[in-house]
Amino acid sequence: MNGSQFDMAAERPGRPLTGGICQPGFHRRHRMAGMVLLSALLLAGIVAGGILLGDSRVATHLDIRNAAPSLEYPFGTDWLGRDMLARTLKGLTLSLAIGLITATASVGIALVLGLMAATLGKTVDSCISWLIDLFLSLPHLVTIILISFSLGGGVKGVIVGVALTHWPSLARIIRAEILQLRSAEFVLTSRKLGRSRWWVATRHMLPHLVPQLYVGFVLLFPHAILHEAGVTFLGFGLSPQQPAIGIILSEAMRYLSAGIWWLAFFPGLSLLIMVRAFDVLGDNLRRLIDPHSAHE
Amino acid sequence: MAKKRIWQLAAGLAIMALVAGLSGCAGPKSDNTAAKNELVLAINAEPEGGFDPTTGWGRYGSPLFQSTLLKRDKDLQIVNDLATGYQVSADGLTWTVKIRKDVEFSDGKPLTAADIQYTYETAQKSNSVVDLTIMKSVEAADDDIVVFTLKKPQSAFVDVLTGIGIVPKHAHGKDYAQHPIGSGPFKFVQWDKGQQLIVEANPKYYGPKPGFSKLTFLFLSEDAAYAAAKAGKADVVAIPPAFSKQPVAGMRLIAVDSVDNRGIVFPTVKAGGKTENGYPVGNDVTADGAIRKAINAAVDRKALVDGILEGQGTPAYTICDRLPWWNADAVINDNDLNGAKRILAEAGWKDADGDGILEKDSRKAEFTLIYPASDKTRQALAIAAADMVKPLGINMRTEGKSWDDIKTLMHSNAVMLGWGSHTPLEMYYVYYSKNSGIDYYNPGYYSNPAVDAYMDKALAATGQDEANGYWKKAQWDGSTGLSAKGDAPWAWLVNLKHCYLVRENLDIGQPKIEPHGHGWPITDNIAEWHWK
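Residues numbered from 1 in each chain as written. Chains lettered and ligands numbered in written order. Predicted model: local features only at pLDDT ≥ 70, side-chain atom pairs only at ≥ 80, totals over all residues. Heavy atoms only, no water.

Observations regarding the overall build of chain A
And step 1. Regarding its fold elements, chain A presents eleven helices and zero strands.
And step 2. Each helix and strand of chain A, ordered N terminal to C terminal, gives the series α-α-α-α-α-α-α-α-α-α-α.
And step 3. In chain A, buried positions account for 49% of the 296 residues.
And step 4. In chain A, 70% of the contacts between residues at least 6 apart in sequence involve partners at least 24 apart.
And step 5. For chain A, the computed accessible surface area is about 14200 Å², with 68% contributed by carbon and sulfur atoms. (Helix = DSSP H or I, 4+ residues; strand = E, 2+ residues; numbered from the N terminus. Buried < 20%, exposed > 50% of the residue type's maximum accessible area, 1.4 Å probe, protein only. Contact = heavy atoms within 4.5 Å. Areas by Shrake-Rupley, 256 points an atom, 1.4 Å probe, with all protein chains shown as cover.)

See the structure below:
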């Protein structure tokens, strides 16, 4: 028991022991905050665009179909004359909405299971660990396809599928964190002072988990979005005329051989940029919030 | 770890898009394959059930391996194939067909009337799409004479005789569909499911000898087939209209007229019923004829042809445009928003709450239009048609479904379907009240006793002209009918042209107007094909 503090430090290889101290931390933190702000603005812009752009731009205009990118239609138009910029923004917004719901659900599942595993004793712990291993060993895409197919496809199927497959890695992190917290001195002291398990879990442990949850949430986001795109690309998700980014990409593949490259290029690029923005956001947030790197 | 996988996924997507984009820009290659004695065709449409005419193979004509009693020539006139002639008794119940004596199957055994009797009896019992309920019996009266007896007179029985290829009684077993034997212009060599079919010229064939000794049919997706054409790997390629604007070096585009049509079928009864299998029947909005007629009047069929089919088609107003039994008076004025609005207003539909969607008795004018998700042309037609009726205040929500789902939903929702055949019998299948809910026939439960009566008379007529007169009246008799002018259970939109890329120096003669099904019909006159 006496060695617990030492163990804690040793188990965190990511903790910088010397790095950061010699760096001009002030500027670096500023730059990080700037990146966070920029990414957040970009994402907010996508959502605003997707919501504000009226349906008229995604309605069919058979007289201007297959128009190459121009000033009026920066992303070009498709074979029904629908504005690809508007379709892309709407698709990304839908992806974001799905990402939001699924990431929230995944974090919820991860938190509950992680807490249960770490606090309810050995049997529950081994059960949940087994479940985590099981879900981690299944390929995500296959599981999502199975789940969304059995639920009859549609937005609901995709959401449930993605939510049910993305919690295990975060649940494992939370479980490990709690296991460490359990043997932390302040927790032990609190227990000895007669506090209940519940009181300790909510007052002492949960606050320590907030940064992990927060960052886990943001990092799950791009993962969920790409899997949503993947499953709709393969045709197991949404109805083919819904402007989901995966559907836009899979439809565009058909027209590539006819030389209409902009149907795939811009939506694909936008998806990449959005996912990258989330990555930057999550990564920088983690470094800013995480106490272990907060002094960098 | 998770992050790494994300980037792998993302990079994979990006690379796929790039590679495909580049290949789209690359110049087409062509290799000169003139003078070779074989052809490679990529015309899609692998028949799932194989090549057995008794379960539906070749029911639109030209079964390739087998031959039929009668067939339709280039001008769609009935001519003899196996038959040398036929007679119908005065009461229209007995059809006597005399056949050639010199015909052999590709295995060398002679084709006799017993094979024909066997084929028709097997087809009648097959419980497949082949409909022979009208036939009471079939009998081989002699080696070269077959007698069909019908339950009631049916002028359109002649079309049945063009649609069933004759199978050999001695070699028709369980795996016949996988290894067909027949008396047609080609004989079966090999079928690799999902990949290719190889056939050879049948030396025993009694008709004109085909100009090619071997044909290979590749079963490719639309874009893979197009890529094969660009790479010079195929001689005849079926392509969707969307690709028809892009020239391919070494190939020329042939757009063949067809009676292959696309349209929206509406439930015509109110919701509440169920089929035998428990699927819901009826829709309260589309049960109102005014809605169906307004949609028919509002859609701009010409714009659909130009915009979605790239001009490779014609507007469709009925199930049988330009065929001998078509009633030209049944054609309506379309692209007429004001006319459509008037129809709706007269029927009591108005937008009381100002949300852009009409209401009547607190029921909103909205319903779902389902299309098969795998068919891009039908998807585009559905989306465009839905946008065209939006200004009326009718909200057609489009939704893509699998064919399995469509079977359960097509009686209670509007569906984008297609038909197209060289026989007026099709009108009977699609509109006759007793065919409601049978297979894909009459999914909307349309029923009009006057129309039924005209079709009964048409079927009972003994002469083709007399029959055609009744078929026309069934469409529109001046006061009612099954067309858009009458009850409008369908909104027909377009007749497709079937587009093929054909190698420059291959002469495929004059293809006849093709039925439903893009692909196989092009082989109908394959015996005439030759290198230029």
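A closer look at the side chain of B:Asn442
Residues and elements named next belong to chain B.
And step 1. Positionally, Asn442 belongs in the loop between α10 (425-431) and α11 (449-460).
And step 2. Under the relative-accessibility criterion, Asn442 is labelled buried at 3%.
And step 3. Side-chain polar atoms of Asn442 contact the backbone nitrogen of Tyr446, separated by 2.9 Å.
And step 4. With residues near it in sequence (within four places) discarded, Asn442 still touches Tyr429, Val430, Tyr431, Tyr432, Ser433, Asn435, Ser436 and Gly437. (Polar contact = N/O pair within 3.5 Å; in protein donor to acceptor, adjacent residues only side chain to side chain.)

A word on the domain arrangement of chain B
Residues and elements named next belong to chain B.
And step 1. Its domain assignment divides chain B into domain 1 (2-46 + 193-254), domain 2 (55-178) and domain 3 (261-496).
And step 2. Averaged C-alpha coordinates put domain 1 and domain 3 at centres separated by 35 Å.
And step 3. Each partner contributes to the interface: domain 1 provides five residues, whereas domain 3 provides four residues.
And step 4. For the pair domain 1 and domain 3, the summed buried surface comes to about 410 Å²; carbon and sulfur atoms form 55% of the total.
And step 5. For the interface between domain 1 and domain 3, the tally reads one salt bridge.
And step 6. Among the ionic pairs, Lys245 bridges to Glu310, the shortest N-O distance being 3.1 Å.
And step 7. Across the contact surface, domain 1 and domain 3 share one residue pair in polar contact (both at pLDDT 80 or more).
And step 8. Tallied by class, the residues present in the side of domain 1 that touches domain 3 amount to three nonpolar, one polar and one charged. (Domains from an automatic or database assignment. Buried area = accessible area lost by both parts, 1.4 Å probe. Salt bridge = Lys/Arg side-chain N within 4 Å of Asp/Glu carboxyl O. Nonpolar A, V, L, I, M, F, W, Y, C, P; charged D, E, K, R; others polar.)

Observations concerning the interface of chain B and chain A
And step 1. Tallying the contact residues gives 41 residues for chain B and 32 residues for chain A.
And step 2. Here chain B meets chain A over a buried area of about 3000 Å², counting both sides, of which 65% is carbon and sulfur.
And step 3. We note a salt bridge from A:Arg65 to B:Glu310, for which the minimum N-O separation is 2.9 Å.
And step 4. Taken together, the connections running from chain B to chain A amount to five residue pairs in polar contact (both at pLDDT 80 or more).

Brief notes about empty space enclosed by the protein
And step 1. In this structure the tally under the stated criterion is five cavities of 30 Å³ or more.
And step 2. Looking at the largest cavity, its volume works out to about 120 Å³.
And step 3. If you go around the largest cavity, you meet 13 residues; those closest to its centre are A:Trp79, A:Tyr255, B:Ala242, B:Ile308 and B:Ala380.
And step 4. Looking at the lining of the largest cavity, the elements with two or more residues in it are α10 (245-256) of chain A together with α6 (301-308) and α8 (376-389) of chain B.
And step 5. Of the residues assigned to the lining of the largest cavity, the class counts are eight nonpolar, two polar and three charged. (1 Å grid on protein atoms, 1.4 Å probe; cavity = no way out; pocket = protein on both sides within 12 Å on 5 of 7 lines; lining within 4 Å. Points joined across faces, edges and corners; volume = space filled by probe spheres on them.)

Considerations on the packing of helix α8 (residues 185-192) of chain A against helix α9 (residues 197-233) of chain A
Residues and elements named next belong to chain A.
And step 1. Put simply, α8 and α9 touch, their axes get as near as 10 Å, and they point 160° apart. Classed by the angle they form, the pair α8 and α9 counts as roughly antiparallel. In terms of crossing hand, the pair formed by α8 and α9 is right-handed. Only Arg197, Trp199, Val200, His204, Met205 and His208 of α9 make contact with α8, whose side of the interface consists of Phe186, Val187, Ser190 and Arg191.
And step 2. For the contact of α8 with α9, the residue count by class is five nonpolar, three polar and two charged. (Axes fitted to C-alpha atoms, helices over the stretch in contact; angles between N-to-C directions. Parallel < 35°, antiparallel > 145°, perpendicular 65-115°, else oblique. Left-handed = near helix turned anticlockwise from the far one by under 90°.)

Overview of the nonpolar core
Note that soluble globular proteins tend to have their nonpolar side chains buried in a common cluster.
Residues and elements named next belong to chain B.
And step 1. If you look at the biggest cluster of nonpolar residues, it comprises 69 residues, and the most contacted ones within it are Ile264, Ile394 and Met396.
And step 2. The leading source of residues in this core is α8, at nine residues.
And step 3. When residues of this core are assigned to domains, at least three map to each of domain 1 (2-46 + 193-254) and domain 3 (261-496).
And step 4. What Met396 contacts, discounting residues up to four positions off in sequence, is Ile264, Ile295, Phe367, Leu369, Ala385, Ala386 and Val389.
And step 5. Counting 66 residues, the second largest nonpolar core, distinct from the first, contains Val415, Met427, Tyr428 and Tyr454. (Core = buried A, V, L, I, M, F, W, Y, C linked by side-chain atoms within 4.5 Å.)

Quick look at the pattern of salt bridges
A side chain with one charge can pair with a side chain of the opposite charge if their charged atoms come near.
And step 1. Overall, the coordinates contain 28 salt bridges over all chains when judged by the stated rule.
And step 2. Among the ionic pairs, A:Arg276 bridges to A:Asp279, the shortest N-O distance being 3.9 Å. A residue pair is termed a helical-turn pair when its members lie 3 or 4 positions apart in one helix, as A:Arg276 and A:Asp279 do in helix α11 (residues 262-289) at three residues.
And step 3. You can call A:Arg276 partly exposed: its relative accessible area is 40%.
And step 4. In this structure A:Asp279 comes out as buried when scored by relative accessible area, which is 2%.
And step 5. Where B:Arg363 meets B:Asp284, a salt bridge forms, and the shortest distance between an N and an O atom there is 3.5 Å. One end of the pair, B:Arg363, is in strand β17 (residues 363-364); the other, B:Asp284, is in the loop between β14 (280-281) and α5 (289-298), and 79 residues separate them in sequence.
And step 6. Judged by relative accessible area, B:Arg363 falls into the partly exposed class, the value being 35%.

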